[in-house]
Each structure stands twice: as structure tokens, then as C-alpha cells.
Amino acid sequence: MAESGALRNVAFDLDAYMRRSRSGSCFVCAVVEGKPGYDLEQIVYEDEQHIAFLDRYPTMPGKVLVAPKTHVEHVVRDLDEDAYLRLMRIVRRIALAVEQVVPSERTYLLSLGSQQGNSHLHWHIAALPPETPYEQQQYHALMTENGVIPWTLEQAVLLAHQLRTVLAGHQ
């Protein structure tokens, strides 16, 4: 497989991203509500309390975000233990599906966001492509500043379908 850096040939406009995340509506809430303009964020899993969808700005193939549907902002303070554990079970389930669909040598799971932008609690699931050089792994692989993967709606629809199919088989 090609190095992950070779896949990331689209420059990322960090300033535009920061403006959008700080001044626009909550992107997770927008996906939950089905607002227009969020087509790349194809939903791969949904239940009454959670949603999982493809990342609009993937830095690795198959990058998925998982979030509670309710707008909560802190990963431990805003969820009681049962809600936290339910969310983590969903994160694990989605991560296992990603590993079945996307070749990976390791899967990164992390919660990012800030009170200053992208405040809705969400977990990133990112499958590190096999044979990625060490210097392009870990945070380097996750940072959009290092470029993003070219991504079309058709690719997003296909990947979402593949993930939903795997998830449907493991209920």
C-alpha cells in the first residue's frame, strides 16, 4: 500500500476551518439534524443516543467520528458512567468495523475538540495504513495541517455503505 502521506495530497486551509468551526453552527448537531451541506459526513451508524459518520476532512482512509446525539462538551464530566461506557462500546464497535473495511496496522481512538470550536464531544476513529513510515504516524498522521485525502461524495457513499454492511452483520 502507498504511504499514508502519499494519499494526502490536498492542502488543508486551516484558517477557513477555524473560521467555520468557531462561527458556524455545531457540525455534529448539524449532521444529527440532517442539515444540508453535510453530505460528506455520511452516517454509518445511528441509534437513539449516538451517531457515527465519516469525517469531512479525512487524514487517513476510513476516518470516522462518533458522538452522542445530545450536545455535550466534556468527555468525562458531561456523561455519567453508564452513558460514557455506552458511548465507548459504540466507539469500539465502529472501530472494529473500520478495521474490517480499511486496511490498518493500528487504529487510533481519541477525543478532540475545544470550548473555542468543535465543542460537541466526539471521538475520532482513524485506521493507520499499513507500512506508514514511523515519522508519518501518530499525531502527524492525524493532523490536517499535513494535508487531507482527496474525497468525493461517491467515495463517501461507497465507504459508508461498506461500513453499514459490516455493522449490520454484527448486531
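Q: Would you take a moment to explain the side chain of Thr107 for this structure?
A: By secondary structure assignment, the location of Thr107 is in strand 4 (residues 106-114). On the basis of relative accessibility, which here comes to 18%, the residue Thr107 falls in the buried class. When residues no more than four places from it in sequence are discounted, the contact partners of Thr107 are Ala95, Glu99, Ile125, Ala126 and Ala127.

Q: Is there a simple way to explain the nonpolar core in this structure?
A: Ranked by internal contacts, the top residues of the largest apolar core, which has 28 residues, are Val64, Val66 and Ile94. Contributing elements (two or more residues each) for this core: strand 1 (43-46), strand 2 (50-54), strand 3 (64-68), helix 4 (81-101), strand 5 (117-128) and helix 6 (153-168). The leading source of residues in this core is helix 4, at eight residues. Every residue in contact with Val66, bar those within four places of it in the chain, is listed here: Ile51, Ala52, Leu87, Ile90, Val91, Ile94, His122, Trp123 and Ile125. Val28, Ala30, Leu65 and Ala67 belong to the second largest nonpolar core, which has nine residues in total.

Q: How should I be thinking about the pattern of salt bridges in this particular structure?
A: Pairing between side chains of opposite charge can happen when their charged atoms approach one another. The final tally for this structure, using the stated rule, is four salt bridges. The closest approach of N and O atoms between Glu41 and Arg56, which form a salt bridge, is 2.8 Å. Of this pair, Glu41 sits in the loop between helix 3 (27-33) and strand 1 while Arg56 sits in the loop between strand 2 and strand 3, and the two are 15 residues apart along the sequence.

Q: How do you make sense of the pairing of strand 3 when you look at a structure like this?
A: Two faces, one strand: in a regular strand the side chains alternate between the faces of the sheet. Within strand 3, five of the five residues are buried, which leaves it mostly tucked inside the rest of the structure. In strand 3, alternate side chains face the same way, and those of Val64, Val66 and Pro68 on one face and Leu65 and Ala67 on the other are all buried. Bridge analysis of strand 2 against strand 3 gives five bridges, and the strand direction is antiparallel. Bridge assignment links Ile51 to a residue of strand 3, and that residue is Ala67.

Basis of the calculations
- Along each chain, residue indices are assigned from 1 in the same order as the chain's sequence is written.
- Given that this is a predicted model, residues contribute local features only at a pLDDT of at least 70 and side-chain atom pairs are listed and counted only at 80 or more, while totals for whole chains, interfaces and linings are drawn from all residues.
- Hydrogens and water are ignored here; the side-chain numbers use all heavy atoms of the structure.
- Each helix corresponds to a stretch of at least 4 residues labelled H or I by DSSP, and each strand to a stretch of at least 2 residues labelled E; elements are numbered beginning at the N terminus.
- Here the term buried applies to any residue with accessible area under 20% of the maximum for its type, exposed to any over 50%, and partly exposed to those in between, with areas from a 1.4 Å probe on protein chains only.
- By definition in these notes, contact holds between two residues if any of their heavy atoms fall within 4.5 Å.
- The term nonpolar core refers to a set of buried residues drawn from Ala, Val, Leu, Ile, Met, Phe, Trp, Tyr and Cys, joined through side-chain atoms within 4.5 Å.
- Should a side-chain nitrogen of Lys or Arg be within 4 Å of a carboxyl oxygen of Asp or Glu, the pair is scored as a salt bridge.
- Strands are treated as partners if at least two bridges between them are detected by DSSP.

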